[in-house]
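# A look at the structure
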Amino acid sequence: MTSTSFDFSTVVDRHGSWCTQWDYVADRFGSADLLPFTISDMDFAAAPCILEALQKRLQHGVLGYSRWQHDDFLGAVAHWYQQRFNSQIDRDMVVYGPSVIYMVAQLIRQWSQPGDGVVTFTPAYDAFFKVVEGNQRTMLSSPLTKKGNDWALDARQLETLLAQPTCSVLLLCSPHNPTGKVWTRAELTLIAELCERHNVRVISDEIHMDMVWGDNTHTPWNETGRGEWALLTSGSKSFNIPALTGAYGLISHKAQREAYLHQLKACDGLSSPAVLAIHAHVAAYQAGEPWLDALRNYLQGNLRYVADKLNAAFPALNWQPPQSTYLAWIDLRPLGIDDKLLQKELIEHQKVAIMPGYTYGEEGNGFLRLNVGCPRSKVEAGVEKLISVIKALR
């Protein structure tokens, strides 16, 4: 099947499918009749190779207990890292889990004590705040600074946080959600050196690793990591299969891997993975590359559309697509729009749901996070509504 045969423009009605983004938008926005650009899943059907693999397994008919420690799964993961990132992974380092955030939570409990500090770069994915605070740890914020179309870390401020006696873990998002920052190899090497210097373990959430644009290159943490670390990821974002559950990762040290897997099986009773998720990952990593490349082109077109329309309407924005992800992190600060009033108008008058930047911490004030993982027609409708609200407020 050629890349030109994949269809991302036809609208799939997700209403009535128990869909978080569409059927439960009222949970966060207070109204059910909204056009949503919210939670980071996509409105596209999964890749045909995945659907075919799932159908084949369903035709088999038996959905009993299963395993992930086999050559089909481990070989598919190793192939993907070699093919997409030119990275050789150690299969012995691979672990599995029901989701990336579950694995983050598990390792935070394993690698720190209640009250310990966990450093993350802000603005940050809102689940990071929840998982740190929900496990009685203290979030230590290292703010990123916007410089043109990039975001810069403050190495001196970061080291001050890492040097705190109770700081145990650095929780990295790579590529970064919500800013879309792609960390350079030099930046990751610096972070690794600082963490090793202060005996701080690193958890790197790399779930957006396949959605990097232009000349930017994703560097997996296993390429630069030092000391004890974990790289956690999943095909769920890239191939739009989060409802299947299923994630995997690399944990650098054998004792830490064994401790994690003991907790997974003996304490939490999670000894058998969702077998359909295993099939989906194997199919995606063995045969999904043409579909993913076609999708990536489509998503970049969506992001370019947002930029062109916003900048034509408001030249002062000069907004540019992010370096990665299908999440448009839109800086509205040049227009001086009140965040709460903007949300009120979007919801009540335009009937559209777009994530407010303050969801991602104080550094998100003045921003919006618009999910463009959808047909262009939906993007067009959302951007039109956003422009209308901004014009009315100005």
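What counts, and at which threshold
Residues numbered from 1 in each chain as written. Predicted model: local features only at pLDDT ≥ 70, side-chain atom pairs only at ≥ 80, totals over all residues. Heavy atoms only, no water. Helix = DSSP H or I, 4+ residues; strand = E, 2+ residues; numbered from the N terminus. Rg over C-alpha atoms; globule rule 2.2 N^0.38 Å. Buried < 20%, exposed > 50% of the residue type's maximum accessible area, 1.4 Å probe, protein only. Areas by Shrake-Rupley, 256 points an atom, 1.4 Å probe, with all protein chains shown as cover. Lys, Arg positive; Asp, Glu negative; His and termini not counted. Charge placed at Lys NZ, Arg CZ, Asp CG, Glu CD. 1 Å grid on protein atoms, 1.4 Å probe; cavity = no way out; pocket = protein on both sides within 12 Å on 5 of 7 lines; lining within 4 Å. Points joined across faces, edges and corners; volume = space filled by probe spheres on them. Phe/Tyr/Trp six-rings, centres within 6.5 Å; stacked < 30°, edge-to-face > 60°. Pairing = 2+ DSSP bridges. Axes fitted to C-alpha atoms, helices over the stretch in contact; angles between N-to-C directions. Contact = heavy atoms within 4.5 Å. Polar contact = N/O pair within 3.5 Å; in protein donor to acceptor, adjacent residues only side chain to side chain. Core = buried A, V, L, I, M, F, W, Y, C linked by side-chain atoms within 4.5 Å. Arc of directions from axis to C-beta. Parallel < 35°, antiparallel > 145°, perpendicular 65-115°, else oblique. Left-handed = near helix turned anticlockwise from the far one by under 90°. Nonpolar A, V, L, I, M, F, W, Y, C, P; charged D, E, K, R; others polar.

## Overview of the overall build of the protein
Helices and strands together make up the secondary structure of the protein, namely 13 helices and 13 strands. By the compact-globule yardstick of 21 Å for 394 residues, the protein fits well, its C-alpha radius of gyration being 21 Å. Projected onto its principal axes, the C-alpha positions of the protein cover 60 × 55 × 40 Å. Classification of the 394 residues of the protein by burial places 57% in the buried group. Counting only carbon and sulfur atoms, one obtains 49% of the accessible surface of the protein, whose full area is about 16,700 Å². The averaged location of the 41 negative side-chain charges in the protein is 1 Å from the averaged location of its 35 positive side-chain charges.

## Observations concerning empty space enclosed by the protein
Evaluation of the coordinates by the stated rule reveals two cavities of 30 Å³ or more. By volume, the largest cavity is sized at about 40 Å³. Along the walls of the largest cavity sit L332, D339, L342, Q343, P356, G357, Y358, G366, F367 and L368, which together make up its complete lining. Mapped by element, the contributors of at least two residues to the lining of the largest cavity are helix 12 (339–348) and strand 13 (367–371). It is helix 12 that contributes the most residues to the lining of the largest cavity, three residues altogether. Its volume calculated, the second largest cavity comes out at about 30 Å³. Of all elements in the fold, only strand 3 (117–122) and strand 7 (167–173) reach the threshold of two or more residues within the lining of the second largest cavity.

## Here's the deal with the packing of aromatic side chains
Going through the model one piece at a time under the given rule, you end up with 18 aromatic pairs. Ring centres 5.9 Å apart and planes at 85° place the aromatic pair F73 and Y248 in the edge-to-face group. Of this pair, F73 sits in helix 4 (residues 71–85) while Y248 sits in strand 10 (residues 247–251), and the two are 175 residues apart along the sequence. Taking the relative accessible area as the measure of exposure, F73 reaches 1% and is therefore buried.

## What to know about the sheet that holds strand 12 (residues 352–356)
With mixed pairing, four strands are arranged side by side in an open sheet as 1-12-13-11. What marks the edges here is a single partner per strand, and that holds for strand 1 (35–37) and strand 11 (327–331). Pairs of neighbouring strands in the sheet enclose a mean axial angle of 35°, with direction left out of account. In this structure, strand 11 lies alongside strand 13, joined through five bridges in antiparallel fashion. Across the sheet, the residue bridging to A328 is L370, located in strand 13. On the sheet, helix 12 packs against strand 12 and strand 13 and is oriented at approximately 155° with respect to strand 12.

## Notes on the environment of Q88
Within the secondary structure layout, Q88 lies in the loop between helix 4 and strand 2 (94–97). The sequence separation of Q88 and Y24 amounts to 64 residues, and the corresponding C-alpha distance is 41 Å. Filtering out sequence-adjacent residues up to four positions away, Q88 remains in contact with Q82, N222 and E223. Polar side-chain contacts of Q88 include one of 2.5 Å to the side chain of Q82.

## Points about the nonpolar core
I50, F73, L170, I191 and F239 are the most contacted members of the largest nonpolar core, which totals 108 residues. Ranked by the residues each element gives to this core, the list is headed by helix 11 (residues 289–313), at eleven residues. Apart from the residues lying within four places of it in its own chain, the contact partners of F73 are W68, V94, Y96, Y248, I278, H281 and V282. With 27 residues, the next largest nonpolar core counts V100, M103, V132 and I251 among its residues.

## A look at helix 7 (residues 155–162)
Listed in full, the buried residues belonging to helix 7 are L158, L161 and L162. Buried residues along helix 7 cover an arc of 100° about the axis, so they all sit on one side. Every exposed residue of helix 7 that faces more than 90 degrees away from the buried side is listed here: R156 and T160. Residues of helix 7 that are buried sit in contact with strand 3, strand 4 (138–143), strand 7 and helix 8 (185–197). Capping of helix 7 at its N-terminal end is provided by D154; its side-chain oxygen lies 3.2 Å from the backbone amide nitrogen of R156.

## Examining the packing of helix 12 against helix 13 (residues 376–393)
Where helix 12 contacts helix 13, the two axes come as close as 10 Å, and the packing angle between them is 125°. The pairing of helix 12 with helix 13 is recorded here as oblique in orientation. Classified by chirality, the crossing of helix 13 by helix 12 is right-handed. Listed contacts from helix 13 to L341, L342, E345 and L346 of helix 12 are K385, L386, V389, I390 and L393. Residues belonging to the contact of helix 12 with helix 13 are distributed by class as follows: seven nonpolar, no polar and two charged.

## Structural notes on the sheet that holds strand 2
Hydrogen bonds between backbone groups are what pair the strands of a sheet, and the pairing can be parallel or antiparallel. Here seven strands make up an open sheet; going across it, the order is 2-10-9-8-7-3-4 and the pairing mixed. Whereas interior strands pair on both sides, the edge strands pair on one side only; in this sheet they are strand 2 and strand 4. Taken pair by pair, the neighbouring strands of this sheet meet at an average axis angle of 25°, ignoring direction. In terms of strand pairing, strand 2 meets strand 10 through four bridges, oriented antiparallel. Bridge pairing in strand 10 links Y96 to Y248. Each of strand 3, strand 4 and strand 7 touches helix 7; the most contacted strand, strand 4, lies at about 165° to it. Running over the sheet, helix 8 touches strand 3, strand 7 and strand 8 (201–205) and is turned about 165° from strand 7.

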